[in-house]
Amino acid sequence: MSVLMVEDKTDFNNLKETLQLTDGNLASHLRALEEAGYLQVEKQFVGRKPNTTYQATDAGREAFKAHLDALERLILDNRQNE
């Protein structure tokens, strides 16, 4: 999701290279995010090659922001307890 927060759309190969994941591992994560409603998936052919692009949905963006907020609270709480 972090990649999709800074890029409007990206394709499978770019995600794979950026995140350094295997095809199967990335596909599993993307499927879970799509099923949760966090990704919009578009499949098309470019020439004769299949091309799948991914874009964060509004729900995905909100969930990611909530996740970051929770992490920030966790860090701040931990620092206050030091």
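Notes on the overall build of the protein chain
At step 1: Of the regular secondary structure elements, the protein chain holds 4 helices and 3 strands.
At step 2: Helices and strands in the protein chain line up, N terminus first, as α-β-α-α-β-β-α.
At step 3: Its C-alpha atoms give the protein chain a radius of gyration of 16 Å, more than 25% over the compact-globule value 12 Å for 82 residues.
At step 4: As displayed, the protein chain offers around 6,300 Å² of accessible surface, 48% of which is attributable to carbon and sulfur atoms.
At step 5: For the protein chain, the separation between the mean place of its 10 positive charges and that of its 14 negative charges on side chains is 7 Å.

Structural notes on a nonpolar patch on the surface
At step 1: Together, Leu68, Leu71 and Leu74 make up a nonpolar patch on the protein surface, roughly 270 Å² of accessible area in all.
At step 2: Inspection of the secondary structure puts leucine 71 in helix α4 (residues 58-80).
At step 3: Judged by relative accessible area, which is 38%, leucine 71 ranks as partly exposed.

Some words on the environment of threonine 57
At step 1: As for its position among the elements, threonine 57 is in the loop between β3 (49-56) and α4.
At step 2: Considered as a pair, threonine 57 and glycine 37 are 20 residues apart in the sequence and their alpha carbons are 7.2 Å apart.
At step 3: Among the polar contacts listed, one links the side chain of threonine 57 to the backbone oxygen of glycine 37, at a separation of 2.6 Å.

Thoughts on the pairing of β3
Successive residues of a regular strand alternate their side chains across the two faces of the sheet.
At step 1: In terms of residue burial, β3 counts as a mostly covered element, since 6 of its 8 residues are buried.
At step 2: Where strand β1 (residues 10-11) and β3 come together, 2 bridges link them in antiparallel fashion. Bridging across to β3, aspartate 11 finds its partner in threonine 53.
At step 3: Sheet topology note: the strand β2 (residues 39-46)/β3 ladder contains 8 bridges and is antiparallel. Paired with lysine 43 across the strands is threonine 52, a residue of β3.
At step 4: Here β2 folds back onto β3 in antiparallel fashion, the turn holding 2 residues, of which glycine 47 has a positive phi close to 70°.

Considerations on the layout of surface pockets
At step 1: Reported here for the largest pocket is a volume of approximately 150 Å³.
At step 2: Of all elements in the fold, only α1 (2-6), α2 (12-19) and α3 (23-35) reach the threshold of two or more residues within the lining of the largest pocket.
At step 3: If you tally residues by element for the lining of the largest pocket, the top one is α3, at 4 residues.
At step 4: Residues belonging to the lining of the largest pocket are distributed by class as follows: 10 nonpolar, 2 polar and no charged.

Rules of the game
- Residues numbered from 1 in each chain as written.
- Predicted model: local features only at pLDDT ≥ 70, side-chain atom pairs only at ≥ 80, totals over all residues.
- Heavy atoms only, no water.
- Helix = DSSP H or I, 4+ residues; strand = E, 2+ residues; numbered from the N terminus.
- Rg over C-alpha atoms; globule rule 2.2 N^0.38 Å.
- Areas by Shrake-Rupley, 256 points an atom, 1.4 Å probe, with all protein chains shown as cover.
- Lys, Arg positive; Asp, Glu negative; His and termini not counted.
- Charge placed at Lys NZ, Arg CZ, Asp CG, Glu CD.
- Patch = residues over 30% accessible without salt bridge, like charges linked within 9 Å, V, L, I, M, F, W, Y side chains within 5 Å.
- Salt bridge = Lys/Arg side-chain N within 4 Å of Asp/Glu carboxyl O.
- Buried < 20%, exposed > 50% of the residue type's maximum accessible area, 1.4 Å probe, protein only.
- Polar contact = N/O pair within 3.5 Å; in protein donor to acceptor, adjacent residues only side chain to side chain.
- Pairing = 2+ DSSP bridges.
- 1 Å grid on protein atoms, 1.4 Å probe; cavity = no way out; pocket = protein on both sides within 12 Å on 5 of 7 lines; lining within 4 Å.
- Points joined across faces, edges and corners; volume = space filled by probe spheres on them.
- Nonpolar A, V, L, I, M, F, W, Y, C, P; charged D, E, K, R; others polar.

Geometry only, nothing functional implied.
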